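Structural features, examined
The primary structure of each chain is shown beneath.
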Amino acid sequence: MKKKESSGLNLTARSEESFITWRGLQIRMTQSYIWVTLGAVLLFQIVSGATTARPSNAADLHILWLELNGLAFLVVIVLGALFGFISTYGLISRLRAMTAATTRFAAGQYERRLKVYTKDELGQLETHLNRMAEQLVGYLAQQKLLVAQNARLEERARLARDLHDSVKQQVFALAVQIELAHTLLEKDREAAREHLGEADELSYHIQQELSALIHALRPADLQIKGLPRALEDYLTTWSRQNKIAAEVDLPETCCLPFPIEEVLWRVAQESLSNVARHSRASRVRIKLKLAGQQVSLSISDNGQGFEVSGNQGAGLGLRSISERVERIGGTTLIQSAHGQGTSMLIRCSISPVAESTAKGQVATT
Ligand SMILES: Nc1ncnc2c1ncn2[C@@H]1O[C@H](COP(=O)(O)OP(=O)(O)OP(=O)(O)O)[C@@H](O)[C@H]1O
Ligand SMILES: [Mg+2]
């Protein structure tokens, strides 16, 4: 029974609170208007009292009535203006604070919150704006996580493809050589030895391939050495593994923003992988050039070349290059023809790095 009473009381308190919460501003403004009206009525009473209390002739009475009414009219206007100014001052300040807050939120600054003064309509608006800013901060953090997750997935897909294209095929070939050596061991020891030699060679290549893959997965190298030295080291290993002569033209140092360095690094890796896999080239040339606010990277080979328009979208490599370059606001130009070798030129402006909004182009000839 007691329980019921207390819950009834709570309910009343809640409904009163919600009424004030929802109508607080309206109540306060209504109160203001009541005060102004009361003031005007009171003044009118005083004026009427003054004119009726004085015994005089009709003409004097009329003049006095007019004078007092004029004065009362002026006083009501001044008082009304003063009252209006005072009663709206708080309201306007809070509206201004809200405008400033929404401007900050629109500019992506969500650190500062609005002060909530009352629980009325404006207070609710302030609370909702604050909550909206918190939710936006949450969404942005979530979006960052998703971007990082996508980058990881992209990297995994790439690793899976590289493992499939290189290591898996070579392990298969290794297994075939060992199988053949095993079969020939009793009948033809010399032939078996040859197959074991092949297997040995293949296992060496697999090791090299794996270490190249591990190397490619570590842009830490890039962070430590900087782009020119990282490219030089990478190219030395790549050239030895693929038996393709490499020529480099790199600046001593170049201070590029890391997003640009990373894109150029990935582009170089993919292009070199294409040269090794598809070009049958005997020579490759890499040039990194910085001129003012422009950086360019060119990779050219003397291989068999290919029909660029016919091969767009054949694999993921060239597409991923142009996407990466677009993201830093740069352009990709691929020139190739059968028997003419292939060259790729990446150009990009150093500042500002307009990630995501930048518009890039891919030109092919
Ligand atoms: N330097 C090159 N020399 C000759 N052909 C090339 C060269 N670079 C690319 N190609 C041709 O362009 C095609 C598309 O290249 P892309 O890098 O997009 O795909 P991929 O290397 O076949 O596969 P992925 O990069 O997805 O592993 C290649 O299959 C190849 O035929
Ligand atoms: Mg490729």
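First things first, this report covers the structure right here in the doc. None of the values given here were measured: they were computed from a predicted structure. (Residues numbered from 1 in each chain as written. Chains lettered and ligands numbered in written order. Predicted model: local features only at pLDDT ≥ 70, side-chain atom pairs only at ≥ 80, totals over all residues. Heavy atoms only, no water.)

**Topic: the site of ligand 1**
Not every one of the 16 residues close to ligand 1 is listed here, only the nearest: Asn274, His278, Asp301, Leu316 and Leu318. Residue Glu270 places a side-chain N or O atom 3.0 Å away from an oxygen atom belonging to ligand 1. For ligand 1, whose accessible area on its own is 600 Å², the fraction buried by protein is 88%. Of the residues forming the shell around ligand 1, the biggest block, five residues, is contributed by helix H7 (residues 258–279). Counted by class, the shell around ligand 1 contains three nonpolar, eight polar and five charged residues. (Near = heavy atom within 4 Å. Polar contact = N/O pair within 3.5 Å; in protein donor to acceptor, adjacent residues only side chain to side chain. Areas by Shrake-Rupley, 256 points an atom, 1.4 Å probe, with all protein chains shown as cover. Helix = DSSP H or I, 4+ residues; strand = E, 2+ residues; numbered from the N terminus. Nonpolar A, V, L, I, M, F, W, Y, C, P; charged D, E, K, R; others polar.)

**Brief notes about the packing of helix H6 (residues 227–242) against H7**
The contact between H6 and H7 brings their axes to 11 Å, and the two run at 15°. Relative to H7, the element H6 lies roughly parallel. Read as a crossing pair, H6 and H7 show a hand that is right-handed. Along its contact with H6, which presents Leu227, Ala230, Leu231, Tyr234, Leu235, Trp238 and Asn242, the element H7 presents Glu261, Leu264, Trp265, Ala268, Gln269, Leu272, Ser273, Val275 and Ala276. (Axes fitted to C-alpha atoms, helices over the stretch in contact; angles between N-to-C directions. Parallel < 35°, antiparallel > 145°, perpendicular 65-115°, else oblique. Left-handed = near helix turned anticlockwise from the far one by under 90°. Contact = heavy atoms within 4.5 Å.)

**Let's talk about the nonpolar core**
Proteins that are soluble and globular tend to have nonpolar side chains buried together. If you look at the biggest cluster of nonpolar residues, it comprises 37 residues, and the most contacted ones within it are Leu264 and Leu297. Listed by contribution, the elements that provide at least two residues to this core are H6, H7, strand E2 (283–291), strand E3 (294–301), helix H9 (317–327) and strand E5 (342–349). Examining the composition of this core, we find that eight residues originate from one element, H7, more than from any other. Ignoring any residue separated from it by four or fewer positions in sequence, one finds Leu264 in contact with Leu227, Leu256, Leu288, Val295, Leu297 and Ile346. (Core = buried A, V, L, I, M, F, W, Y, C linked by side-chain atoms within 4.5 Å. Buried < 20%, exposed > 50% of the residue type's maximum accessible area, 1.4 Å probe, protein only.)

**Here's the deal with the coordination of the magnesium ion (ligand 2)**
Binding of the magnesium ion (ligand 2) to the protein goes through Glu270 (OE) and Asn274 (OD1), at separations of 2.1 Å. One end of the pair is Glu270 and the other is Asn274, both in helix H7 and four residues apart, which spans about a single turn. You can call Asn274 buried: its relative accessible area is 18%. (Donors = N, O, S within 2.8 Å, 3.2 Å for Na, K, Ca; no water.)

**A look at helix H2 (residues 58–106)**
Helix length check: H2, at 49 residues, gives a terminal C-alpha distance of 69 Å against a target of 72 Å (1.5 Å per residue), a fit within 8%. Residue Tyr89 marks the point of greatest curvature in H2, where the axis turns by about 40°. Along H2, the residues classified as buried are Leu64, Ala72, Leu91, Arg94, Met98, Ala101, Arg104 and Phe105. Phi turns positive, to about 85°, at Gly108, one or two residues after H2. (Expected span 1.5 Å × (residues − 1). Bend = angle between axes of the 7 residues up to and from the residue.)

Functional significance is not addressed by these values, which are geometric in nature.
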